[in-house]
Amino acid sequence: MSTSRRLSSTIILVILILGALLALFPIYMAVINSFKTQGEMFSNILSLPTQLHFENYQQAFQKIRLLDSIKNSLIVSVIGIGGILLFASMAGYKLSRTSGRLSNFIFTLFVASMLVPFHSIMISLSRVAKNLHMQGSTYGLGLIYIGLGINMAVFLYHGFVKGIPRELEESAHMDGCGEFQTFFKIIFPLLLPITVTVGILDFLWIWNDFLLPLLMLTDVKNYTLILSTNMLFGMYNKEWSLILASLVLTAIPVVIIYAFFQRFIMEGITEGAVKG
Amino acid sequence: MLKNTRKTLYLFYFVAPALLLYTVFMLIPTIGGMFYSITDWNGLNRNYNFVGFANFIEAIKEDPDFLNSLWFTLKYVVVMVVLQNALALLLAVFIESRTRFKGFFRTVFFMPNMISVIISAFMWTFVFTTVLPQLAEKTMMTFLDQSWIGDPRFSFFSIVIVSLWNGVGYMMIIYLAGLQGVPQSLKEAAVIDGANPFQQFRHITLPMITHAITICFFLTLNGAFKVFEVVFGLTGGGPGRATQVITMNIYEEAFSNNFRYGYASAKSVILFVIVLIITLIQIRITKRNEVEA
């Protein structure tokens, strides 16, 4: 019994290690080859670089306009996430606390669209953006993310608010707090757990998103990090040392964030999934 | 009465910003898409004519590219829902069964999910076109030297590999959370009753994590129908249109080929209806199998 148990435990460990190697293999390959010259890559792709060629990175840094691209991605993410958190918490809170037909109708309106695939609305969305003269603007793109992401966020806040006792607001009202004061001073801090969840889910979505920026942004100056890398990939077909360096540069910000916030990210996903 | 108006007014204040942005960027495009789908609008002219269901009929009857992309997507959905869930659950069970290195394996398996899908596809393009042929040459594992991206027989497989690589970690996290919710006492009771590991899994674990299964099936099903980036980055839909998925067919129709907005909108509506129906069926079926814990 005990030997068979040890055996199965060893088999599981071996499978997990093999799986982990498979998961890391493309990343490892991309990283080590990003330091090689094209020639070295084709003579020996599997070995570590004999010499670190940082000029790949230097070139990639310029070609994807790394700092500008990061700035653009940040603008879009900050507007998108900030707007979603602020407006969805307000709406979710009020809708949860107000009963009545109107409130129910609005909440249902938000929730009903959660199943609509982005690809089903992208055509008319690009028309709307064009009509509003928002095409090409990172700020406009941020606003669009608010509009697209708010239904899910309202839904999550709405559910979370139900667990907060009403007495808190009532006593705040007694003390002469107005509606907005009560919300921002008393309620909003209590929403922190769900705010973290929504913030993380939306960050992963907006920062890594590709198709919407592709449709909206027209000028290279406004490209997000992902778009710049996509452009480089298309332009320098098969110049792998340059492409790999840019892929690694693009992945670094998320890997750093992953290293610091891993626990929150995993909890956020679980929370979001369970509630959704 | 006065109190009620005041209440409605505050409801308005709190909801207005969210509702406004939602209406402009979500509601209007949704309704607009349905509206355009019954027109012959080309996206440029001011004028358009109503054509009734002609666009839908054309898509279903006279558009082999669309039907092929639909068929290809359905194949992908079935394979992905099965493999992604099976693999994620397997990893979760294996990791959960261990006492040491849990955190390490969780970190490693989830990491690919942090990398944007399109970046993952580019990374794998390198692996498929450049690394594997050399690896095949050096290790004599000649089966690795295939046209992984150029040959439609293999490119479906490649698309699935990259999607799994990127997506399994997310589902694994949800399954892990589900597994942690299974009470230890139940497992112990099963062991005392002489249940072997498979029986334990089948009769204790599986029924206790049906909620996680519902969620993961929903997410994988939905995600698979909307697949775009993996294919865009890896094969671009090619060779020819052999690996074109439905979202890409819509994209091409509207933005790069013909600018037939009305016709492309009709295809979008078809996608929406398919996703809606299949998701509702899935939720119904998996919910019915859930036990109240």
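Residues numbered from 1 in each chain as written. Chains lettered and ligands numbered in written order. Predicted model: local features only at pLDDT ≥ 70, side-chain atom pairs only at ≥ 80, totals over all residues. Heavy atoms only, no water.

## Structural notes on the overall build of chain B
Cut-off, in case you're wondering: Numbering of helices and strands runs from the N terminus; a helix is a DSSP stretch of H or I covering at least four residues, while a strand is a stretch of E covering at least two. As a reference, a globule follows 2.2 Å times the number of residues to the power 0.38, and the radius of gyration itself is taken over C-alpha atoms. Whether a residue is buried, partly exposed or exposed follows from its accessible area with a 1.4 Å probe, protein chains only, as a fraction of its type maximum: under 20%, in between, or over 50%, in that order. Throughout, the Shrake-Rupley method with a 1.4 Å probe supplies accessible areas, and for residues the shown protein chains are the sole cover considered. Charge assignment in this entry is limited to Lys and Arg as positive and Asp and Glu as negative, and neither His nor the chain termini are counted. The atoms used to mark charge sites are NZ of Lys, CZ of Arg, CG of Asp and CD of Glu.
In terms of regular secondary structure, chain B is built from 12 helices and 0 strands. Helices and strands in chain B line up, N terminus first, as α-α-α-α-α-α-α-α-α-α-α-α. Compactness check: chain B gives a C-alpha radius of gyration of 24 Å against a globular reference of 19 Å for 293 residues, more than 25% above the reference. Across its three principal directions, the C-alpha atoms of chain B cover 75 × 75 × 30 Å. Of all 293 residues assigned to chain B, the portion counted as buried reaches 52%. Surface accessibility of chain B: about 14,100 Å² in total, with carbon and sulfur atoms responsible for 65%. In chain B, 21 side chains carry a positive charge and 16 a negative one; their mean positions are 11 Å apart.

## Quick word on the overall build of chain A
Note the cut-off: Contacts are residue-level and defined by heavy atoms, with any inter-residue pair within 4.5 Å sufficient.
In terms of regular secondary structure, chain A is built from 13 helices and 0 strands. Listing the helices and strands of chain A from first to last along the sequence gives α-α-α-α-α-α-α-α-α-α-α-α-α. A globule of 276 residues ought to have a C-alpha radius of gyration of about 19 Å, yet chain A, at 24 Å, is considerably larger. Taking the principal axes of its C-alpha atoms as reference, chain A extends roughly 75 × 70 × 35 Å. Looking at chain A alone, contacts between residues at least 24 apart form 71% of all its contacts between residues at least 6 apart. Looking at chain A as shown, the accessible area adds up to about 12,500 Å², and 67% of this sits on carbon and sulfur atoms.

## Concerning the environment of alanine 86 of chain B
Structurally, alanine 86 of chain B is set in helix H3 (residues 64–97). For the pair alanine 86 of chain B and alanine 121 of chain B, spaced 35 residues apart in sequence, the C-alpha to C-alpha distance is 22 Å.

## Digging into the interface of chain B and chain A
So the rule is basically this: The term buried area refers to how much accessible surface (probe radius 1.4 Å) is lost by two components on association, counted for both of them together. Criterion for a salt bridge: a side-chain nitrogen of Lys or Arg within 4 Å of a carboxyl oxygen of Asp or Glu. Counted as a polar contact is a pair of N or O atoms within 3.5 Å, where, for protein atoms, one must be capable of donating a hydrogen and the other of accepting one, and residues adjacent in sequence contribute only when both atoms are in side chains.
Tallying the contact residues gives 82 residues for chain B and 88 residues for chain A. Roughly 7,900 Å² of surface becomes buried between chain B and chain A when both sides are summed, with 82% attributable to carbon and sulfur atoms. Contact with chain A buries area across many residues of chain B, yet Phe14, Phe25 and Met114 of chain B alone supply 11% of it, more than any other trio. Here chain B is connected to chain A by 0 salt bridges. Inspection of the chain B/chain A interface yields 14 residue pairs in polar contact (both at pLDDT 80 or more).

## Here's the deal with the layout of surface pockets
Spelled out, the test is: Lining residues are defined by having an atom within 4 Å of a point belonging to a cavity or pocket. Those points lie on a 1 Å grid over the protein atoms alone, cavities being sets where a 1.4 Å probe fits but cannot get out and pockets being open sets with protein on both sides within 12 Å along at least five of seven lines. Grid points are joined across faces, edges and corners, and a volume is the space filled by probe spheres set on the points.
There is about 1,300 Å³ of room inside the second largest pocket. Considering the residues around the second largest pocket, the lining is formed by 33 residues, among which Ile12 of chain A together with Val93, Ser97, Pro197 and Gln200 of chain B are closest to the centre. Elements with a contribution of two residues or more to the lining of the second largest pocket: helix H1 (2–33) of chain A together with H3, helix H6 (152–180), helix H7 (184–192) and helix H8 (197–208) of chain B.

## Looking at helix H10 (residues 192–208) of chain A
Definition in use: Each helix should span, by expectation, one fewer than its residue count multiplied by 1.5 Å.
The terminal C-alpha atoms of H10 of chain A lie 24 Å apart, and with 17 residues this matches the ideal 24 Å at 1.5 Å per residue to within 8%. Of all 17 residues in H10 of chain A, 13 are buried, a share of seventy percent or more.

## Observations regarding the packing of aromatic side chains
Note the following rule: Note on aromatic contacts: the rings of Phe and Tyr and the six-membered ring of Trp form a pair at centre separations within 6.5 Å, being stacked when their planes are under 30 degrees apart, edge-to-face when over 60 apart, and tilted otherwise. Criterion for a charge above a ring: Lys NZ or Arg CZ within 6 Å of the ring centre, and within 35 degrees of the ring normal.
A full pass over the atoms with the stated rule returns 42 aromatic pairs over all chains. With a centroid separation of 5.0 Å and 35 degrees between ring planes, the pair formed by phenylalanine 35 of chain A and tyrosine 57 of chain A is classed as tilted. Separated by 22 residues along the polypeptide, phenylalanine 35 of chain A in the loop between H1 and helix H2 (38–43) and tyrosine 57 of chain A in helix H3 (residues 55–63) bring together distant segments of the chain. Taken together, a centroid distance of 6.2 Å and an interplanar angle of 65 degrees make the contact between phenylalanine 180 of chain A and tyrosine 10 of chain B edge-to-face. One end of the pair, phenylalanine 180 of chain A, is in helix H9 (residues 179–190); the other, tyrosine 10 of chain B, is in helix H1 (residues 2–36), on a second chain. Accessibility expressed as a relative area gives 33% for phenylalanine 180 of chain A, which makes it partly exposed. Here arginine 263 of chain A stacks its cationic end above the ring of phenylalanine 264 of chain A, 4.9 Å away from the centre of that ring. Over the ring of phenylalanine 156 of chain B we find lysine 75 of chain B, and its NZ or CZ is 4.9 Å from the ring centre.

## Description of a nonpolar patch on the surface
The condition is simple: Nonpolar side chains (Val, Leu, Ile, Met, Phe, Trp, Tyr) are joined into patches within 5 Å and like charges within 9 Å, using only residues with over 30% relative accessible area and no salt bridge.
Taken together, the side chains of Leu86, Phe180 and Phe184 of chain A together with Leu9, Phe12 and Tyr13 of chain B make up a nonpolar region of the molecular surface, amounting to roughly 550 Å² of accessible area. Those elements that place two or more of their residues in the nonpolar patch are H9 of chain A together with H1 of chain B. The element that contributes the greatest number of residues to the nonpolar patch is H1 of chain B, accounting for 3 residues. One can find phenylalanine 12 of chain B in helix H1.

## A word on the packing of helix H11 (residues 246–257) of chain B against helix H12 (residues 261–288) of chain B
All names here are of chain B. Using the following cut-off: A fitted line through C-alpha atoms serves as each axis, taken over the contacting stretch for helices, and the angle formed by two N-to-C directions is quoted from 0 to 180°. Between 65 and 115 degrees an angle is taken as roughly perpendicular, under 35 as roughly parallel, over 145 as roughly antiparallel, and anywhere else as oblique. A crossing counts as left-handed when the near helix is turned anticlockwise from the far one by less than a right angle, and as right-handed when that turn is clockwise. Nonpolar residues are Ala, Val, Leu, Ile, Met, Phe, Trp, Tyr, Cys and Pro. Charged residues are Asp, Glu, Lys and Arg, and all others, Gly as well, are polar.
Across the interface, H11 lies against H12 with an axial gap of 8 Å and an inter-helix angle of 165 degrees. Classed by the angle they form, the pair H11 and H12 counts as roughly antiparallel. The chirality of how H11 crosses H12 is left-handed. Of the residues in H12, those in contact with Ile246, Thr247, Asn249, Ile250, Glu253, Ala254 and Phe255 of H11 are Tyr261, Tyr263, Ala264, Lys267, Ser268 and Leu271. Residues of the contact of H11 with H12, tallied by class, amount to 8 nonpolar, 3 polar and 2 charged.

## What about helix H12 (residues 225–235) of chain A?
Spacing of three or four residues puts side chains on the same side of an α-helix, whose turn is 3.6 residues. In terms of burial, H12 of chain A is a largely internal element, 8 of the 11 residues being buried. Residues of H12 of chain A that are buried: Leu225, Ile226, Leu227, Ser228, Thr229, Asn230, Leu232 and Phe233 of chain A.

## Quick word on the side chain of serine 116 of chain B
Tracing the chain through its elements places serine 116 of chain B in the loop between helix H4 (102–114) and helix H5 (117–139). When residues no more than four places from it in sequence are discounted, the contact partners of serine 116 of chain B are Asn208 and Ile226 of chain A together with Asn166 of chain B.

## Some thoughts on unusual backbone geometry
Residue and element names in this part refer to chain A. Despite not being glycine, arginine 65 has its phi angle at roughly 45 degrees, a positive value. Here arginine 65 shows up in the loop between H3 and helix H4 (66–97). Residues other than glycine seldom take positive phi values, yet histidine 133 does so here, at roughly 60 degrees. Inspection of the secondary structure assignment puts histidine 133 in the loop between helix H6 (118–131) and helix H7 (138–161).

## What about the confidence of the model for chain A?
Counted only if it meets this: Every residue is assigned a pLDDT by the predictor, reflecting its confidence on a scale from 0 to 100.
For chain A, per-residue confidence averages 88 on the pLDDT scale, and 99% of positions sit at 70 or higher. Mean pLDDT across the secondary structure elements of chain A bottoms out at H2 of chain A, with 81, and peaks at H4 of chain A, with 94.

## Some details on the pattern of salt bridges
Inspection of every chain in the model, using the stated rule, returns 12 salt bridges over all chains. For glutamate 169 of chain A, the salt bridge identified is with arginine 97 of chain A, shortest N-O distance 2.8 Å. With a gap of 72 residues between them, glutamate 169 of chain A in helix H8 (residues 167–174) and arginine 97 of chain A in helix H4 connect regions that are remote in the sequence. The class for glutamate 169 of chain A is buried, based on a relative accessible area of 7%. Note that arginine 153 of chain B and aspartate 151 of chain B form a salt bridge whose closest N and O atoms lie 2.9 Å from each other. With relative accessibility at 66%, the residue arginine 153 of chain B sits in the exposed group. One network of salt bridges, with partners in common, ties together Asp63, Glu253 and Lys267 of chain B.

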